[in-house]
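Architecture and fold: a report
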Amino acid sequence: MKEKNRSRLRFNFGFLIEGDLGESREIELDYPRIRVSDDVVLKPLQGKFQVSRTSKGLYLQGVLTSHIETECTRCLNAVDLPISIELDDLFYYPPAEAPEGEFTIGEDGILDLAPLVRELSLLEIPMQVFCREECLGLCPECGQNLNDGPCDCQIDDIDPRLAALRALLDDDQLSR
Ligand SMILES: [Zn+2]
Ligand SMILES: [Zn+2]
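For clarity, every value in this text was computed on a predicted model and none was experimentally measured. Residue positions are given per chain, counted from 1 along the sequence in the order it is written. To label them, take the chains in the order written and letter them from A, then take the ligands in the order written and number them from 1. Only residues with pLDDT of 70 or above have their local features reported here, since the model is predicted, and side-chain atom pairs are shown and tallied only from 80 upward, although totals for entire chains, interfaces and linings are computed over all residues.

On to the overall build of the protein, then. Put simply, DSSP H or I for four residues or longer makes a helix, DSSP E for two residues or longer makes a strand, and each gets a number counted from the N terminus. Scanning the protein for helices and strands turns up three helices and seven strands. Written out in order from the N terminus, the α and β elements of the protein read β-α-β-β-β-β-β-β-α-α. Working definition of burial: number of other C-beta atoms within 10 Å of the residue's own, with buried at 20 or more, exposed at 12 or fewer, and partly exposed in between, all C-beta atoms being placed from the backbone. Expressed as a percentage of the 176 residues in the protein, the buried residues total 14%.

Below, the structure is given as structure tokens:
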């Protein structure tokens, strides 16, 4: 069984496909943790969305909330970033009539939400993410995480405020 790579965000909406236009259902998600794709893990994934039968397929609308695992831009440590995923998308049925690049529902009535949730989740990650505002990042010389403590590298162009502090400390040591 190749269950491992199978999306756990698959829904059988065959009953809605067979239903009347305008018929809808509310779906509630509550996953403590879910791997959406090789590169996206969400924990938790919660929220509700409405699925409505339209002439073109199924229209999904709702808001999911989650945290996505990403990394700090400065120190590369893992960061759990809170995100909200707004669903406002049409999944085409029958799949053969879908325009190029649009989401579709399988002939079997199965809708896989994972590709859309993955795409929307990744869009929620800003260009820069910091584990905390004052993250010190990695030493450009040795790569040590400076949040864990200073390294032994001598770096000349240090922060001027730190330079002033260091000068004070040196004076203090001299005067003893
Ligand atoms: Zn950091
Ligand atoms: Zn260093």
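There is more to say after this.
Here the focus is helix α2 (residues 114–123). Within α2 the residues assigned to the buried category are Val117, Arg118 and Ser121. Buried residues of α2, viewed axially, fall in a sector of 100 degrees; they line one side. Two residues qualify as being in contact provided that their C-beta atoms, derived from the backbone, are within 7 Å of each other. Packed against the buried residues of α2 are β3 (34–37), β4 (40–54), β5 (57–71) and β6 (78–92). This arc describes the spread of directions from the helix axis toward the C-beta atoms.

In a soluble, globular protein the nonpolar side chains are often hidden away together inside. Of all hydrophobic cores here, the largest spans 19 residues; its most connected members are Phe13, Val51, Leu58, Phe91, Ile105 and Leu111. Elements that contribute at least two residues to this core include exactly β4, β5 and β6. One nonpolar core equals one set of buried Ala, Val, Leu, Ile, Met, Phe, Trp, Tyr and Cys residues connected by C-beta atoms within 7 Å.

Another point: unusual backbone geometry. In this model, Lys43 is joined to Pro44 through a cis peptide bond whose omega is -10 degrees. In this chain, Tyr93 is followed by Pro94 through a cis amide linkage whose omega measures -5 degrees. Topologically, Pro94 is positioned in the loop between β6 and β7 (110–112). Phi angles above zero are rare outside glycine, and Leu76 is one such case at about 70 degrees. One can find Leu76 in the loop between β5 and β6. For Leu76, a count of 13 C-beta atoms within 10 Å translates into the label partly exposed.

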